[in-house]
Amino acid sequence: KKLATEEVSLSERKGLVQSELSEVEPLIEQAKKAVGQIKSDNINEIRSLKMPPDAIRDVLEGVLRIMGNPDTSWNNMKKFLGSRQVKDEIIDFDARRITPHIRKDVKKLLAEKGNSFEHAVIYRVSVAAAPLASWV
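The shown structure was predicted, so the numbers you read here are calculated from the model rather than taken from an experiment.

This part is about the environment of Ala31. If you trace the backbone, Ala31 turns up in helix H1 (residues 2-36). By relative accessible area, Ala31 is classed as buried at 7%. Linking Ala31 and Val136, residues 105 residues apart in sequence, is a C-alpha distance of 8.8 Å. Setting aside its immediate chain neighbours within four residues, Ala31 contacts Ser134 and Trp135.

See below:
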């Protein structure tokens with residue numbers, strides 16, 4: 001009897017998770033597609049900045065943190081953007097690598113600097129950073 005109750009409970013939870021996943025998956029795919037369409041020239045433009053605007057810095061910090069890179073200095077951000085496979089690394093990133101600590105860090109960043117991740121704000125600052133903001 002206990003086993004049957006647990007099976008029902010698991011089945012209900014599975015249904016909830018599937019429902020949440022079906023809502024989130026299209027957004028994830030849309031963000032990945034947008035990242036894939038970033039032009040190399042736009043990435044190079046960001047890299048060439050002496051000091052990026054705060055919104056770009058915040059978005060790149062979010063990307064680096066999600067990817068498990070704790071060094072969020074501007075030099076490291078430029079090095080990351082300079083990688084030939086930067087777009088593929090982001091698109092192919094396995095979300096299962098996000099630890100509870102990373103999730104907490106990024107949530108804090110989004111809470112403190114949420115305005116930087118608003119599409120209208122970041123798009124005005126950088127066409128290339130806007131898809132990265134939606135990915136975060």
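Next up on the list: the packing of helix H3 (residues 54-66) against helix H6 (residues 100-113). Viewed as axis vectors pointing N to C, H3 and H6 meet at an angle of 170 degrees, and their least axial separation amounts to 9 Å. Between H3 and H6, the angle falls in the class roughly antiparallel. For the pair H3 and H6, contact is made by Asp58, Glu61, Gly62, Arg65 and Ile66 and by Ile102, Asp105, Val106, Leu109 and Lys113, respectively. Within the contact of H3 with H6, the residues separate by chemical class into four nonpolar, one polar and five charged.

As enumerated under the stated definition, the model contains one aromatic pair in all. Taken together, a centroid distance of 5.9 Å and an interplanar angle of 75 degrees make the contact between Phe93 and Trp135 edge-to-face. Of the two residues, Phe93 is situated in the loop between helix H5 (86-91) and H6 and Trp135 in helix H8 (residues 129-135); the sequence distance between them amounts to 42 residues. Neither residue differs from the other here; Phe93 and Trp135 are each classed as buried.

For helix H4 (residues 74-82), every residue scored as buried is listed here: Trp74, Asn76, Met77, Phe80 and Leu81. End-on view of H4: buried residues confined to an arc of 160 degrees, all on one side of the axis. Every exposed residue of H4 that faces more than 90 degrees away from the buried side is listed here: Asn75 and Lys79. The secondary structure elements touched by the buried residues of H4 are helix H2 (40-47), H3 and H5.

The biggest cluster of nonpolar side chains holds 31 residues, and the ones touching the most others in it are Ile46, Leu60, Phe80, Ile90, Ile122, Leu132 and Trp135. Looking at which element gives the most residues to this core, the answer is H3, with seven residues. Not counting residues within four places of it along the chain, the set of residues in contact with Ile90 comprises Val35, Val63, Met67, Phe80, Leu132 and Trp135.

For H3, spanning 13 residues, the distance from its first C-alpha to its last is 18 Å, which sits close to the expected 18 Å at 1.5 Å a residue. Counting buried positions along H3 gives 10 out of 13 residues, so the element sits mostly inside the fold. Along H3, the positions that sit buried rather than exposed are Ala55, Ile56, Asp58, Val59, Leu60, Glu61, Gly62, Val63, Leu64 and Ile66. In this structure, the buried side of H3 is in contact with H2, H4, H5, H6, helix H7 (119-125) and H8.

Opposite charge on two side chains lets them pair, provided their charged atoms get close. Applying the stated criterion across every chain yields a total of three salt bridges. For the salt bridge of Asp58 with Lys113, the shortest nitrogen-to-oxygen distance reads 3.9 Å. Here Lys113 lies in helix H6 and Asp58 lies in helix H3, a separation of 55 residues in the sequence. Look at Lys113 and you get partly exposed, because its relative accessible area is 36%.

The rules behind the values
- Throughout this description, residue numbers start from 1 for each chain and increase along the sequence as written.
- Per-residue local features are limited, in this predicted model, to residues with pLDDT of at least 70; the limit for side-chain atom pairs, both in listing and counting, is 80 or more; totals at the level of whole chains, interfaces and linings are taken over all residues.
- Water and hydrogen atoms were dropped before computing side-chain values, which therefore reflect all heavy atoms in the structure.
- Helix and strand definitions follow DSSP, with helices as H or I runs of at least four residues and strands as E runs of at least two, each counted in order from the N terminus.
- Three labels apply to residues, based on accessible area from a 1.4 Å probe with only protein chains included: buried if under 20% of the type maximum, exposed if over 50%, partly exposed otherwise in between.
- Every residue pair with non-hydrogen atoms within 4.5 Å of one another is taken to be in contact.
- An axis is simply a line fitted to the C-alpha atoms; with a helix, the fit covers only the stretch in contact. Between two such axes, the angle follows the N-to-C directions and lies from 0 to 180 degrees.
- For this classification, under 35 degrees means roughly parallel, over 145 means roughly antiparallel, 65 to 115 means roughly perpendicular, and everything else is oblique.
- As a working rule, the residues Ala, Val, Leu, Ile, Met, Phe, Trp, Tyr, Cys and Pro are called nonpolar, Asp, Glu, Lys and Arg charged, and the rest polar, with Gly in that last group.
- Aromatic pairs are defined between Phe, Tyr and Trp rings, using the six-membered ring for Trp, whenever the two ring centres lie within 6.5 Å; interplanar angles under 30 degrees are classed as stacked, those over 60 as edge-to-face, and all others as tilted.
- In this description, the arc belongs to the directions extending from the helix axis to the C-beta atoms.
- Residues belong to a common nonpolar core when they are buried Ala, Val, Leu, Ile, Met, Phe, Trp, Tyr or Cys residues joined through side-chain atoms within 4.5 Å.
- The span you would expect from a helix comes to 1.5 Å times its residue count less one.
- Any carboxyl oxygen of Asp or Glu that lies within 4 Å of a side-chain nitrogen of Lys or Arg is treated as forming a salt bridge with it.

Read these as geometric descriptors, not functional statements.
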